Structure formats: structure tokens, C-alpha cells
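Residue-level structure breakdown
Listed below are the residues making up each chain.
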Protein chains: 2
Amino acid sequence: MKYPNNIKKSYKKEINYKNRGMDLESLINDACKYYLEHDLAIIYKKPTPIGVVDVDYKNGAVINKAYFKEPSTLDYNGIYKGKYIEFDAKECQSKTSFPLSNIHDHQIKHIDNIIRHGGIAFLIIGMNGGYYLFKGSDLLHFIHTNSRKSIPYSVILELGIPLKLNYNIGIDYLKGIDIAYKGVGYFENTKD
Amino acid sequence: MKYPNNIKKSYKKEINYKNRGMDLESLINDACKYYLEHDLAIIYKKPTPIGVVDVDYKNGAVINKAYFKEPSTLDYNGIYKGKYIEFDAKECQSKTSFPLSNIHDHQIKHIDNIIRHGGIAFLIIGMNGGYYLFKGSDLLHFIHTNSRKSIPYSVILELGIPLKLNYNIGIDYLKGIDIAYKGVGYFENTKD
């Protein structure tokens, strides 16, 4: 397949594992890169929403003043086996429960929207040294049936899909998606 | 349906048409907002990718230095009738042809990726006072079979789906998607 101007595939072919970040976001970014390189899924982290106040065009468009905006969607989205995927990564410091204040109200509404329109939305929660795929539908159900402002660790262990840390990939969340959504018929028409 | 903390739907219920921007991007942003409010599709403009160099945390995280990065994906993405959608808006000044230099090499590779994974990717081209949905597959085919560095206006008229400007919506591109992708079986299992 030819591209104009002799495009070279400029995706990095190797991840520098020695200096790799071991925080949740880095491990997910590594996985996104791996999946892209191996043509398994096309999932990107969205740019952080920033409000630009002042730009100096004299020096080649340098931004002199800007501020971080509150996101109303989730951080990562893309396509996997023909399905729309969106998720957020949340590192949890508490050992006993995951505070719902981690998720903005707009994001909860957005998760509901995605699911109703046939997409897949979830959180990847890092907690007590483990990583869990927590389905958006389980999150909404918990919120609608509880007055609690945090999800107990026991509930995350019960409903979450444990995600493995793979040395070559990072956090191998596609395997988690396969497990979490296979049973509900999302991928019945797709080849593995 | 209840959300925590008494979430109010804060989407603007009315667009101020008097002051509405008539440029292509504003007209598409209006449509995204309309579709979201009317629960027809969940499509957002991605934040502009910005590289943050310096942040002053003393004054509430004010960004003092940053720069615009080159995008490797398209500007808008989301979900419509269960399908992954991604597109870019391109206003064309030339009356005779659409320069392919408008699209970065990474974006062309990305369009190819999206299509191969079962998503829908296209451009909305504003040209000679009209708006056209130009399918990603037609774009790739043109690039792979031509040595030209621009798409003649006649080709855009021939292959593009004309998009109507609707006073209440903006550019009604969902109708264009229905027309462009209905025939190839994308939506055969969905209800209109």
C-alpha cells in the first residue's frame, strides 16, 4: 500500500522498557502503542482539553497563557473489532474504596450516552497493586442503586475484570474487554 | 434516570443564531451539539493537541508556555448508530481543486486504519460555497491511483455527498453519513 510523499511508518517500533513509566497512564499508553503497531485496535489518548488565552504568533505560535479545562468525556477512545471503545484510567490511593468524586458528573452522563448508542465504556482502576476493568454499566448501576459516594474494594474485586501486566504490552486491557463483553454478545459476529 | 449530586443537563438548549459562526467548524460544532441534545449521535471535537512546557501551579495551574502539536488523527470522533465515526473538516480556498497537503501523512494512515477496523472515516470539505462529505475510502483510492497532489473539484462533485445547511442544526452531516454508507451495508441492522 502506497502513501503520498513516501510516508514512513513513524510509530516507534520499540518501547524503552528500562525507562518506562510504571504508573497506570504510562502502562495504558504503552498498550495503545503496542495495539496500534500490531494492528489490534486503534485507540488513542485524547489530548488534554486546554483553553488557550494568549498566543504569540510572532515567535511561531507560542502559547503564553492557557488553562486546563475539565473533561466532559473519557480520556481514551477508538475502535476495536468494529466497536466504539471509550475509557478512563483512574489510580485509586484508598485501599478500601474507590471515591466516585474521581468521575465528573458530565463523564457519568457521557458513559450512559456511549452505552445507549451501542458503544463500550469502562474504567481501568488501579487499586491495591492490581488493575481492574470496571464496566460502565456496572458503574451506572452502582450509582443508581447506592447512596454511597465510593465503591467498596470488595465490589471492584467482585465485578471488575483483573487486567494483567504484560512486559511487552503494558496493561493488556484488550483481553479484559474480550472477557467483559464477550458474554453479552458484543463480538459474536467478529473473528478472534 | 438519576445521577449523583443532582446533575443538571448543562448542554445549551438553544444556539444563538444571530451570533453564530458561519465558518465550517462552527457549523459542524453546532450540529454535534444538536445531535447530542437530541440523542442522535455522540460526536465531539477532540481537544487541539497542545504540548505544555511550563505551568505555574502557584496561581491555580496557569500554563505559561505551550505549543500546538501536529494532529495524527482527525478532529471529530464518536459513535452513531453503534458505529465508530471519525472525520475532519477542511475548508478549501481554491475553486478548482482540493490540495492533499491539507491532510497530514499520519492522518491518511489513520483513515486507512479506521476503515480496516470497521469504522467510518471521512472529510467534510467546504468548497465553492458548498459542503461535501468525501468518504475516506474515496480519498485513499484517489491517492493510490493518482499522482496528482490535489483532488479536482469535478471529482469532489462526482463522489462527494452534498451536505445541507439546516438553520436549526448547522451542517446536517448525519444525513450525509446515512446516504454515503447505507448502500454498503453499514447500517442494515439498525433502525432509522
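Please refer to the structure placed before this passage.
Source: prediction; values computed, not measured. Starting afresh in each chain, residues are numbered from 1 along the sequence in its written order. Ligands are numbered from 1 and chains lettered from A, in the order in which they are written. Owing to the predicted nature of the model, reporting of local features is limited to residues with pLDDT of at least 70; listing and counting of side-chain atom pairs is limited to 80 or more, with chain, interface and lining totals taken over all residues. With hydrogens and water stripped out, all remaining heavy atoms of the structure feed into the side-chain values.

1. What to know about the packing of aromatic side chains
In this analysis, rings of Phe, Tyr and Trp, with Trp reduced to its six-membered ring, are considered paired at centre separations within 6.5 Å, and the interplanar angle assigns stacked below 30 degrees, edge-to-face beyond 60, and tilted for intermediate values. Evaluated as defined, the whole model comprises 13 aromatic pairs over all chains. Arranged with centres 5.1 Å apart and planes meeting at 85°, the rings of A:Y35 and A:Y173 form a pair that is edge-to-face. Of this pair, A:Y35 sits in helix α1 (residues 24–37) while A:Y173 sits in helix α5 (residues 173–182), placing them 138 residues apart in sequence. Relative to B:Y84, the ring of A:Y84 has its centre 5.7 Å away and its plane inclined at 25°; by these criteria the two rings are stacked. Here A:Y84 is found in strand β5 (residues 83–91), whereas its partner B:Y84 is found in strand β5 (residues 83–91) on a different chain. As far as burial versus exposure is concerned, A:Y84 and B:Y84 are alike and both buried. Following the ring pairs from residue to residue traces out a cluster consisting of A:Y34, A:Y35, A:Y76, A:F87, A:F122 and A:Y173. It is A:K135 that lies over the ring of A:Y181; its NZ or CZ is 5.1 Å from the centre. Numbering of helices and strands runs from the N terminus, with a helix taken as a DSSP run of H or I at least four residues long and a strand as a DSSP run of E at least two residues long. Exposed residues in this analysis have more than 50% of their type's maximum accessible area, buried residues have under 20%, and partly exposed residues fall in between, with area computed by a 1.4 Å probe over protein chains only. The criterion is that NZ of a Lys, or CZ of an Arg, lies within 6 Å of the ring centre and within 35 degrees of the ring normal, and then a charge sits over that ring.

2. Describing the sheet that holds strand β2 (residues 50–56) of chain A
Pairs of strands are assigned from DSSP output, requiring at least two bridges between the strands. The strand order β2(A)-β3(A)-β3(B)-β2(B) describes an open sheet built from 4 strands, whose pairing is antiparallel. The open sheet has two edge strands with one neighbour each: β2 of chain A together with β2 (50–56) of chain B. Along the sheet, successive strands turn relative to each other by an average axial angle of 30°, direction set aside. As paired strands, β2(A) and strand β3 (residues 62–68) of chain A are joined by 6 bridges and run antiparallel to one another. Paired with A:D56 across the bridge in β3(A) is A:V62. Here the axes come from fitting lines to C-alpha atoms, over the contacting stretch only for helices, and the angles between their N-to-C directions go from 0 to 180 degrees.

3. Some remarks on the interface of chain A and chain B
Note on contacts: a residue pair is in contact if any heavy atoms of the two residues lie within 4.5 Å. Across the contact, 52 residues belong to chain A and 52 residues belong to chain B. The term buried area denotes the loss of accessible surface (1.4 Å probe radius) that occurs when two parts are joined, taken as the sum for both partners. When the two sides are added together, the surface that chain A and chain B hide from each other amounts to roughly 4400 Å², 64% of it contributed by carbon and sulfur. The largest contributions to the chain A side of the interface with chain B come from A:I63, A:Y84 and A:H117, which together make up 14% of the buried area. Only one rule defines a salt bridge in this text: a Lys or Arg side-chain nitrogen within 4 Å of an Asp or Glu carboxyl oxygen. At the boundary of chain A with chain B, the tally comes to 2 salt bridges. Close ionic contact of B:R116 with A:D39 constitutes a salt bridge, the shortest N to O distance being 2.6 Å.

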